[in-house]
Amino acid sequence: VGVVSCERERAGDLGGVTAFSYFVPPGCAPRSHRRCPTLYLLHGFGGDYTSMLGTRRNPTAWVAALSHQPKVAPQRSTRPWTESDPRQWKPARPLDVVLIAPDGRTVPGGDGPAPLLESFWTDWNPRYARGGDDQRYDTPAPRFASYLLHELIPDVQRRFPVGRGRDHRALVGTSLG
């Protein structure tokens, strides 16, 4: 609670072990017995599970924005780019939202033709996978959308103090995400 952390988990839809970063704000601590909304953050091309939230030592503006804001609202500034550094922000009313940032790349030893290929956050075409009509690699096709919907979201709902169902989660991404 209160720091960016990481979990590794077996993902059947990806055929191996993947990782995701998360941040649980203090207002969502398990001892509070609150169920907070969840925001899933999908990284862009060339990124990984640390791209959106950063690390314990170097969290990103996504994390800072849950408890801080720019000193001058960007829409009121003649130079809004000068307000982008979270280290210069002022405290704000906390937003109690759990942040989850999965990895959108094929996993070493998992499904797909090679490790660390961009997923495009979709289920890959099985035509080119093992058993497909134009097979080009010898594993099943990785299923990233299925992993998000059928493995990651249910796992997060089991393990974290978050609300259940569509009314309690949102998805955002940058670039390819």
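As the structure is a computational prediction, the values presented were derived from the model and not from experiment. (Residues numbered from 1 in each chain as written. Predicted model: local features only at pLDDT ≥ 70, side-chain atom pairs only at ≥ 80, totals over all residues. Heavy atoms only, no water.)

1. Structural notes on unusual backbone geometry
Its identity as a non-glycine residue notwithstanding, leucine 116 has a phi of 65°, on the positive side. Residue placement: leucine 116 occurs in the loop between β6 (98-102) and α2 (144-159). We classify leucine 116 as partly exposed; its relative accessible area is 46%. Even without being a glycine, phenylalanine 120 presents a positive backbone phi close to 60°. Take phenylalanine 120: it is sitting in the loop between β6 and α2. (Helix = DSSP H or I, 4+ residues; strand = E, 2+ residues; numbered from the N terminus. Buried < 20%, exposed > 50% of the residue type's maximum accessible area, 1.4 Å probe, protein only.)

2. Considering the pattern of salt bridges
Taken as a whole and assessed by the stated rule, the structure comprises nine salt bridges. Where arginine 136 meets aspartate 134, a salt bridge forms, and the shortest distance between an N and an O atom there is 2.8 Å. By relative accessible area, arginine 136 is classed as exposed at 59%. Given a relative accessible area of 26%, aspartate 134 falls into the partly exposed group. The residue arginine 159 makes a salt bridge to aspartate 155 at a minimum N-O spacing of 2.9 Å. Of this pair, arginine 159 and aspartate 155 are both found in helix α2, four residues apart, which corresponds to roughly one turn of the helix. What you see here is one network of salt bridges that share partners, running through Glu7, Asp155, Arg158 and Arg159. (Salt bridge = Lys/Arg side-chain N within 4 Å of Asp/Glu carboxyl O.)

3. Section: the sheet that holds strand β3 (residues 38-42)
Spatial strand order, β1-β2-β6-β3-β7: five strands in an open sheet with mixed pairing. Edge positions in the sheet fall to β1 (5-11) and β7 (169-173), since each has one partner strand and no second. Within the sheet, the average angular offset between the axes of one strand and its neighbour, ignoring direction, is 25°. Taken together, the three bridges between β3 and β6 define a ladder with parallel strand orientation. When the sheet's bridge partners are listed, tyrosine 40 is paired in β6 with isoleucine 100. (Pairing = 2+ DSSP bridges. Axes fitted to C-alpha atoms, helices over the stretch in contact; angles between N-to-C directions.)

4. Quick notes on the pairing of strand β2 (residues 16-23)
Of all eight residues in β2, seven are buried; the element is thus mostly enclosed. When β1 meets β2, the two strands line up antiparallel, connected through seven bridges. Bridging from a neighbouring strand, glutamate 7 pairs with phenylalanine 20 of β2. Hairpin connection between β1 and β2: a loop of four residues separates the two successive antiparallel strands, and glycine 15 in this loop has a positive phi of roughly 75°. Sheet topology note: the β2/β6 ladder contains four bridges and is antiparallel. Pairing of phenylalanine 23 across the sheet is with leucine 99, part of β6.

5. Notes on the side chain of glutamate 118
Here glutamate 118 lies in the loop between β6 and α2. Among buried Asp, Glu, Lys and Arg side chains, glutamate 118 stands out as unpaired, with arginine 105 the closest opposite charge at 6.0 Å. A distance of 2.8 Å separates the side chain of glutamate 118 from the backbone nitrogen of glycine 46, its partner in a polar contact. Discounting residues that sit within four places of it in the chain, glutamate 118 has contacts with His43, Gly44, Phe45, Gly46, Gly47, Gly104, Arg105, Trp124 and Leu176. (Lys, Arg positive; Asp, Glu negative; His and termini not counted. Polar contact = N/O pair within 3.5 Å; in protein donor to acceptor, adjacent residues only side chain to side chain. Contact = heavy atoms within 4.5 Å.)

6. Looking at the environment of arginine 136
Looking at where arginine 136 falls in the secondary structure, it is placed in the loop between β6 and α2. Once the C-alpha coordinates of arginine 136 and valine 24 are considered, the two residues, 112 residues apart in sequence, prove to be 41 Å apart. Side-chain polar atoms of arginine 136 contact the side chain of aspartate 134, separated by 2.8 Å.

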